[in-house]
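Here are the chains, one letter per residue:
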Protein chains: 2
Amino acid sequence: MVDVVIKDGYVITMDPKRRIFERGSVAIEGDKIIAVGKDVKEKADVVIDARGKVVLPGLVNAHTHLSMTLLRGVADDMELKPWLETKIWPLEKNLTGERVYAGALLGCLEMIKSGATCFADQYFFMENVAEAVERSGIRGVLSYGIIEKGDIKKRESELKAGEKLVKTCHGIADGRILTMFGPHAPYTCSPECLSQVKELAKKYKVGIHTHIAETKWEVEEITKRYGKRPVEHLDSIRFLGPEVLAAHCVHLTREEITTIRTRGVKPVHNPVSNMKIACGVSPVPEMLKVGIPVALGTDGAASNNSLDMFKEMKFAALLNKVHKFDPTVMPAQSVLEMATINGAIALGLQDKIGSLEANKKADIILVGLKKPHLAPLHNVTSHLVYSAVGSDVNTTIADGKILMRGRRVLTLDEDKVLERAQRTSDDLITEWRAAK
Amino acid sequence: MVDVVIKDGYVITMDPKRRIFERGSVAIEGDKIIAVGKDVKEKADVVIDARGKVVLPGLVNAHTHLSMTLLRGVADDMELKPWLETKIWPLEKNLTGERVYAGALLGCLEMIKSGATCFADQYFFMENVAEAVERSGIRGVLSYGIIEKGDIKKRESELKAGEKLVKTCHGIADGRILTMFGPHAPYTCSPECLSQVKELAKKYKVGIHTHIAETKWEVEEITKRYGKRPVEHLDSIRFLGPEVLAAHCVHLTREEITTIRTRGVKPVHNPVSNMKIACGVSPVPEMLKVGIPVALGTDGAASNNSLDMFKEMKFAALLNKVHKFDPTVMPAQSVLEMATINGAIALGLQDKIGSLEANKKADIILVGLKKPHLAPLHNVTSHLVYSAVGSDVNTTIADGKILMRGRRVLTLDEDKVLERAQRTSDDLITEWRAAK
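Here the structure is a predicted model, which is why all the values come from computation and not from measurement.

About the criteria used
Residues numbered from 1 in each chain as written. Chains lettered and ligands numbered in written order. Predicted model: local features only at pLDDT ≥ 70, side-chain atom pairs only at ≥ 80, totals over all residues. Heavy atoms only, no water. Pairing = 2+ DSSP bridges. Helix = DSSP H or I, 4+ residues; strand = E, 2+ residues; numbered from the N terminus. Domains from an automatic or database assignment. Contact = heavy atoms within 4.5 Å. Buried area = accessible area lost by both parts, 1.4 Å probe. Salt bridge = Lys/Arg side-chain N within 4 Å of Asp/Glu carboxyl O. Polar contact = N/O pair within 3.5 Å; in protein donor to acceptor, adjacent residues only side chain to side chain. Least-squares fit on C-alpha atoms with pLDDT ≥ 70 in both.

**Some details on the sheet that holds strand β10 (residues 207-212) of chain B**
Taken in spatial order, the eight strands make up an open sheet running β6-β7-β8-β9-β10-β11-β12-β13 (chain B), and their pairing is parallel. If you trace the sheet from one side to the other, it starts and ends with β6 (59-64) and β13 (295-296) of chain B, each paired once.

**A closer look at the domain arrangement of chain A**
Residues and elements named next belong to chain A. In terms of domains, chain A is made up of domain 1 (2-57 + 361-409) and domain 2 (59-346). The C-alpha centroid of domain 2 is placed 28 Å from the C-alpha centroid of domain 1. On the side of domain 2, 29 residues touch domain 1, which itself brings 27 residues to the contact. Surface buried jointly by domain 1 and domain 2 totals about 2,300 Å² across both partners, of which 65% is contributed by carbon and sulfur atoms. When residues of domain 1 are sorted by the area they lose upon contact with domain 2, Met14, Val385 and Tyr386 head the list and together hold 28% of the total. Here domain 1 and domain 2 share three salt bridges between them.

**Remarks on the interface of chain B and chain A**
Every contact between the two is made by 66 residues of chain B and, on the other side, 66 residues of chain A. When the buried area of chain B at its contact with chain A is split by residue, B:Asp77, B:Phe325 and B:Pro372 rank highest and sum to 13% of it. At the junction of chain B and chain A, the tally comes to four salt bridges. We note a salt bridge from B:Lys370 to A:Asp415, for which the minimum N-O separation is 3.3 Å. Remark: the boundary between chain B and chain A carries 29 residue pairs in polar contact (both at pLDDT 80 or more). For the side of chain B that touches chain A, the elements supplying multiple residues, two or more each, are α2 (97-114), α9 (271-276), α11 (309-324), α14 (380-387) and α15 (414-435) of chain B. Looking at the side of chain B that touches chain A, the element that brings in the most residues is α15(B), giving eight residues.

**Observations concerning the relation of the copies chain B and chain A**
It takes a turn of 180° to lay chain B on chain A, together with a shift of 0.0 Å along the axis; the resulting RMSD is 0.0 Å. Such a turn and shift between the copies fits a two-fold axis. With an isologous cut-off of 70% or more, the 100% of interface residues of chain B that recur at the interface of chain A puts this contact in the isologous class.

Have a look at this one:
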């Protein structure tokens, strides 16, 4: 007897051979997958009938700011600078741990309901985010967003906050929560700060989550300050390495792509955010072509305004096609890889998640196929990337635990999470208006 | 007593003043709206509780090829020419009226479930599409796709087929079905053909549904043949006018935009299709700026692969932002207008649909707001464009008739429609493979 068997589904493993079992099963014992394939014979306490459903690895949202769900739809269609300076930053000023917790709970709920079982986050009050992750049952790689702008005092306190998160949260919740250091960006962190982060990450054996080359402005600013483009600058201070998770990577030269590859940096593509804030188009096909395992992320809900990785996959597939006038780039299979196994690689978790294989963690989702927008059925991968949306996810399992079944979330009280997020968000806006 | 009252919803009217009633109601008598506002006192046979829901005009999918649902996911990520020549056209060769009907039923079902209550179609076996539209209860403006490539005999038979559709189907199903002439494109229809279409449309007082300037290839081809770009060419043969519904309009010069405006041509933006086939980016902000009421469409499911107008709105909002490096273009409100009132204008139905106003047809949808991805609630229009998907539609009403309530479609047997489409699509593929 095992704990759970998912039976007779269309199993997309994303394993090294990219095997697909048109009628396959997955057996789960504790937090782990113990068998995948056509001939899974195990009897189980819980049997999930997956006929008419796709069984695939839980999606990995490799870059977000989870608690920004609180600011969803509060400000859109604005230039980046006034958007940040007159809306986002003033609203964030009144954040507290409790408020960040409310936003993180909402984000966890949204991800469970749209099939992401793991995410990489960078924000503030991260211990409170950890609390939400622990309670919701998903997997999170959390980092405290370090911003010091060359201020030595600030640097000390920021590095301490980052270190505290790593010390207190790395490996908690049965290992579901991991941590990284989170220096915000090369324009908000001095070379000294980044070097210290690099040392700390080495000391604690954790990764580094940052933003690189998101906007043209950043490229100009870094060039002005250091005489080098962002990736060149970061490489010149020996910051880059395989432990660096680099969101955006929009503005890259061919040489910078080579640097990313040789240093083993892990870029995360955020197509919706890049489009909404009008940053530009990341050269993802060029990076994939030279073997860089680009991951996929939604960025925060303030600049998306959704955490739906299925929608993000469609945007990823289409954005570079039109940008390059080439419909053959970013085929569905590559995009699904970005959202699963590449996400795992980006977070250094390729031995644990990102594919359905024996001995990996049981992070699994089931997607219902019996829907008009997913009919007729010929190419399931195409449907997942081009036609499905998060709400087609029927069942979500993380670390062997069923978090949602038949669209019902089992770990969180949905109504209460929504109410709390609404109240919190209302308070933020009221206080911000009063302060104006 | 009236027939239906939709009570206490967040009513977005899209009327000329773009009024919104945060707690409003809509009364329906027969096929018509008889009252909209805060103080709707009518008692009704059917009362729909719209608390926690948005009430808005049914979306108008202003350009599609409905029965191409049969080819959803059959071929993706290919160059346009081999995609058409080795996949789409050979597969379409074995279409029959019955098969087109099966695909159209699936398309109607998908649109009902994702909030489109009216669509403009161009395809073959259109009498069979009409049958599906009649049965499903939605509204359709149908055109037979005329392709003659200068062949005089073909021209005669094609024009006859187009004329037959107009004669037999215009105004049927209580007026829910209207027709247009559908000359495919300037590169598949000779100037003589287009002139005859123009005369016929005038004779029957119907519109003309065509494709203009979709690809760079088309611009080159038309320039080679006629020494003019597509819009210039069509204007030089006096084809353009307010009755012309022009899908795509991707490649336009400033002068061509002026021509579109002065002739009153109605462009339809199809962002997903343009991205997937890698055609380019239509200058929609430029057109909206000079007062052209650009509409929105999904194009066929083979090049999308979805008929979800909510997803299409998000793509429309974001594509031009990134293309122009300007996050302020295509704000949510403009995009919602494209999907509602502009669609109505494009189809010449602005007196009947596209907004919630007394005396207009009751084409109405309700969107559930109590979802994690639509929380917290501050700006409903933002949520509709950036966060919602078709499956958030809870209730769909067309011509005063409730087609879906609580996600249950009342006019079609969902299982049977899916099965029939699968069988039909399987047959098409089997025959195509056998013929290879």
